Every structure is written in structure tokens, then in C-alpha cells.
Amino acid sequence: MDRNVQAVGVGASDMKLTTPGPTLGVVGGGQLGRMLGEAAGPLGVEVVVSDPTPDCPASPVVADQLVGDFDEYDTLRTLAERADLLTYEIELTDPDTLEAVSEETGTPVQPTPETLRTIQDKLVQNDALAAAGVPIPEYRRVDDAADLRAAGDELGWPVMLKARTGGYDGRGNVPVAADDDHAAALEAVGAGEGGALAERLVDFERELAVIGVRGDGETDAFPVTETVHEEEIMRETLSPARTDGAVRERAVEVALDVLDVLDGRGVFGIELFEQPTGTGERVLVNEIAPRPHNSGHWTIEGAVTSQFEQHVRAVLGYPLGSTERRCPTVIANVLGDVTEPGTATLDGVETVHEADGAHLHWYGKREVRPLRKMGHVTLTADGSGTRDVDELVESVSELRDGLTFE
């Protein structure tokens, strides 16, 4: 193809834009791919996604979709041939295949396949973070039930058991007590596929998140966000986080230290634990995603530059946008409130549309499943009549709870 290389990975003084503009190939066409497509258009960037689901959520807002598995060579090769640069919105793709098609076609991948290798194996990830002095919970490698018993005796029961590979969005994690069936716990997290690790169970005050970003020679971070989970699934996010300034400052410091461990450009969702006062290190890293993250969805309305626009800018080597928060902003995830899979029809949306300062984001998934992420509702202080974060999260939760698939 005749690549628009002038617009990709160059300094601001050299940038040129044509129509059609540069093409960004995205592995994955779920809600993150959809929102990347929405953000790329105004920048003059076309998006082509690959996803195994025909008419995936991203398909209505991107230039094209290639149907194929996330790690299928032919699909990724074709995507690379059509794109000026490749990125990914899901960690289930294969870094070796990405690296191969990149070398064969000359199409760069950002963040790099090496970063994906690190993130895909939680033991490798923890080893890299620990070697760099990044604060994380104490952990031990676990290959069998005897290892798990030894880890719990050393770290203290209960422990958090995590599959080394394949875990996603809270899946693959389970707390384990001393008198639990340890072999069954290993089977439950899928440890037979690639092993596991046990982490000290953290007694945290709250969970935090920072969206870090690395561009072409510059790094930055969005303001610290508080996240609320139930059953390992994120339910609400609040920005600013309801913590003190010292913790917010430390959280950003830790997030930037994480970026130093990883390679390549893009945004990185960095989930953190805030430990109580008097426990020493107040902030520990929990999970890392080398892509836009649910904890950063508030930035669409709540920040000067959304995490999705920032990711497009970063991977293409454009100057980064401002990460400043416009105003206090909260979101509530819309999850499938069903007991069995079925056609996705959401009722009650008029209430959200009628609420001042509220924004409904629909992910375009045709099937609803129990607790599946189907959308989110954002509520901003601008327009809602209050800047109090507690009032905002109470209001956005009420709006979300008025929506139903039943």
C-alpha cells in the first residue's frame, strides 16, 4: 500500500495529514476497539480491526473488520499489510505472531510484542516489577498443591491465587484459605495451562488506578482514579479518588515507574491497592493492561484528552494531549442483569438521557450474558449540579440501576 508515513511516528514539525490518512490496525474489536475508532476519526486516522466475532462491537465505527482469531497468522498478516501501525485492545493475541508479521511487512507494533509477553505471564510481570523496585504484593511461584500450601504458610493465609496466563478482567483469580481444596483451586483458575502464583492477600483501604501514557519521547499520567469492584468486576470509577494528596502523588509515581519497566508507546491501565496508614508502602501494583482500560473511561467526558485519543496519538508518535481533568467525573458500568444469555435489549435509557450531565455509552454487543459489560454511564460535575464525588457516584449508580435487560 502507499503508506502515509509522514503522519506516523514523526516529530510535530514534520507532521502532514492526507485523505485518506494513516491506517491504524487494531487487534480486537470489542468496546475498546469501538471507542478507539470513535477517537481516531477526528484525528484523520482510519481504523481497521480484526476480531473473531462477525459484526463485532467496533465494526459500525471503523473503516473495516477482518474476521479471524486474535492470534491467527493469516488475519494478523493481512491486518499488518493494510495498516501503517498495529496495536491491540486485548491481551489474548500472540506476541510471537505479531512480531513475525511486523518483521515480514515492516509494520510496527505498539506497545511492543515484548511488553505483551511480559504482561501475559503474571510471574514474568511480577519478576520484572520486583527487579525494578516497583512495589507489589509479596508472591510465590505455584506449580502444584504442595507449592500452594508452602506459599500460604510463608505469606500467611488466605492468599490470592492467580493463573500465570489467560486471566482477564478479574477472571483467573481466586482467594484460597488454608483448609480449602488446593488442587481444586488450582484447577479453578486454570493453572494446568501455564502454572500459577500466590500473592499475599492485601488488606487495602481502596483500589486505585492510573492511566499512564508513553508517547514519542514523552510520558504522562492521568489523574488518579478510585475503582469499586464487586465479584472481581469493576462497577464504578471515581475521579478524583477519595484519598489524600500524598497517596495520589505516590500512585502517579508508581505508575510512571511501571512505564519504565515496559517497552513501547501507548496507554497503560495500571490498577493499584492503597494500603492503610502505618503499613509502610501505601501503594502497591495489582494488575497492568498494555491498552486502554475500563478505569479510564471517565476521561472521554472528564478529561481534556480521552485515553482513547491519547492511545492513538501515542502509538502513532503524535504529540500527547493534555491529561488534565475537566471536572469531577464518575462512571458506572452497565452489566448484564440476566441469568441466561439472550438478545441484548436495554430498557430505561430515557432516564439517563434526561439526566443533566449524564452520558450513556452503549458497546453494541448483540448478546447479553450474566455480568457481561454492555456499556457504561458517565456523570460529570459540569451540568449535574454538584461537584461532590460521593453525591455523583450515588447519582450515577441510581441511573445505572434503572437500566435493565430483563
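All values derive from a computational prediction rather than experimental measurement. (Residues numbered from 1 in each chain as written. Predicted model: local features only at pLDDT ≥ 70, side-chain atom pairs only at ≥ 80, totals over all residues. Heavy atoms only, no water.)

S.K.: Please explain the overall build of the protein as it appears in this structure.
M.R.: Along its length, the protein carries 14 helices and 19 strands. In terms of overall size, the protein behaves like a compact globule, its C-alpha atoms giving a radius of gyration of 21 Å where 406 residues would be expected to give roughly 22 Å. Counting only C-alpha atoms, the protein reaches 65 × 55 × 45 Å along its principal axes. Expressed as a percentage of the 406 residues in the protein, the buried residues total 56%. Counting only carbon and sulfur atoms, one obtains 45% of the accessible surface of the protein, whose full area is about 16400 Å². Across the protein, the centroid of the 33 positively charged side chains sits 3 Å from that of the 75 negatively charged ones. (Helix = DSSP H or I, 4+ residues; strand = E, 2+ residues; numbered from the N terminus. Rg over C-alpha atoms; globule rule 2.2 N^0.38 Å. Buried < 20%, exposed > 50% of the residue type's maximum accessible area, 1.4 Å probe, protein only. Areas by Shrake-Rupley, 256 points an atom, 1.4 Å probe, with all protein chains shown as cover. Lys, Arg positive; Asp, Glu negative; His and termini not counted. Charge placed at Lys NZ, Arg CZ, Asp CG, Glu CD.)

S.K.: Is there a simple way to explain helix α6 (residues 145-155) in this structure?
M.R.: Residues that lie three or four places apart on an α-helix share one face, since the helix turns once every 3.6 residues. The complete set of buried residues in α6 reads L148, A151, G152 and L155. The arc enclosing the buried residues of α6, seen along the axis, measures out at 95 degrees, which places them on a common side. Within α6, the exposed residues directed more than 90 degrees away from the buried face are A146, D153 and E154. Those residues of α6 that are buried lie in contact with β5 (139-142), β6 (159-163), β7 (173-176), α7 (182-188) and β8 (196-200). Here α6 starts with a cap whose side-chain oxygen sits 3.2 Å from the backbone nitrogen of A146, and that cap is D144. Just downstream of α6, G156 is the residue with a positive phi angle, here 100 degrees. (Arc of directions from axis to C-beta. Contact = heavy atoms within 4.5 Å. Polar contact = N/O pair within 3.5 Å; in protein donor to acceptor, adjacent residues only side chain to side chain.)

S.K.: I'm lost on the nonpolar core in this one. Help?
M.R.: One recurring pattern in soluble globular proteins is that nonpolar side chains are buried together. The biggest cluster of nonpolar side chains holds 25 residues, and the ones touching the most others in it are L129, V210, V258, I270, L272, V285 and I288. At the level of elements, α5 (122-131), β9 (206-214), α9 (245-261), β13 (266-274) and β14 (283-289) are the ones that each hand at least two residues to this core. Per-element accounting of this core gives the leading share, six residues, to α9. The residues touching I288, leaving out its near neighbours within four places in the chain, are E91, I119, Q125, L129, V258, L262, G269 and I270. (Core = buried A, V, L, I, M, F, W, Y, C linked by side-chain atoms within 4.5 Å.)

S.K.: Would you mind showing me how to read the packing of aromatic side chains here?
M.R.: Here the structure, examined in full by the defined rule, presents two aromatic pairs. Aromatic side chains F204 and F273 sit 5.1 Å apart centroid to centroid with 20 degrees between the ring planes, which places their arrangement in the stacked category. Here F204 is found in the loop between β8 and β9, whereas its partner F273 is found in strand β13, with 69 residues between them in sequence. Using a relative accessible area of 10% as the deciding quantity, one classes F273 as buried. (Phe/Tyr/Trp six-rings, centres within 6.5 Å; stacked < 30°, edge-to-face > 60°.)

S.K.: Sorry, what's going on with the sheet that holds strand β1 (residues 23-27) here?
M.R.: Across a sheet, strands are paired by hydrogen bonds formed along the backbone, either parallel or antiparallel in direction. Pairing is parallel in the open sheet, where four strands are placed in the order β3-β2-β1-β4. The sheet is open, and its two edges are formed by β3 (64-67) and β4 (85-88), each paired on a single side. Taking each pair of neighbouring strands and ignoring which way they run, the sheet shows an average axis angle of 25 degrees. With five bridges joining them, β1 and strand β2 (residues 46-51) adopt parallel strand pairing. Within β2, the position partnered with V26 by the bridge is V49. (Pairing = 2+ DSSP bridges. Axes fitted to C-alpha atoms, helices over the stretch in contact; angles between N-to-C directions.)

S.K.: I'm lost on the packing of helix α3 (residues 95-105) against helix α4 (residues 113-120) in this one. Help?
M.R.: A pair of packed helices can be characterised by two numbers: the angle between their axes and the separation between those axes. Between α3 and α4, the least distance of the axes is 9 Å, while the angle of their chain directions is 175 degrees. Regarding the angle of α3 to α4, the classification is roughly antiparallel. In contact with P95, D96, L98 and E99 of α3, α4 contributes P113, L116, R117 and Q120. Looking at the contact of α3 with α4 residue by residue, the classes come out as four nonpolar, one polar and three charged. (Parallel < 35°, antiparallel > 145°, perpendicular 65-115°, else oblique. Nonpolar A, V, L, I, M, F, W, Y, C, P; charged D, E, K, R; others polar.)

S.K.: Help me out: how do you make sense of unusual backbone geometry in this one?
M.R.: Peptide bonds are mostly trans, and most non-glycine residues show a negative phi. Following T19, the chain continues to P20 via a peptide bond in cis, the omega torsion being 0 degrees. Take P20: it is sitting in the segment before β1. Phi angles above zero are rare outside glycine, and E231 is one such case at about 55 degrees. The topology assignment puts E231 in the loop between β11 (225-230) and β12 (233-239). The backbone of L371 sits at a positive phi, close to 65 degrees, despite the residue not being glycine. Within the secondary structure layout, L371 lies in the loop between β18 (367-368) and β19 (373-380).

S.K.: Got a minute to help me understand the sheet that holds β8 in this structure?
M.R.: The sheet built from four strands is open, its strands ordered β5-β8-β6-β7 with antiparallel pairing. With partners counted over all chains shown, the strands left at the sheet margins are β5 and β7, one partner each. Taking the axes of each pair of neighbouring strands and ignoring which way they run, one obtains an average angle of 25 degrees across the sheet. Relative to β8, β6 runs antiparallel, the two being bridged by five bridges.

S.K.: Would you mind going over the environment of D84 with me for this structure?
M.R.: Secondary-structure assignment places D84 in the loop between α2 (73-82) and β4. When the C-alpha positions of D84 and T105 are compared, they lie 9.9 Å apart, and in sequence the two are 21 residues distant.

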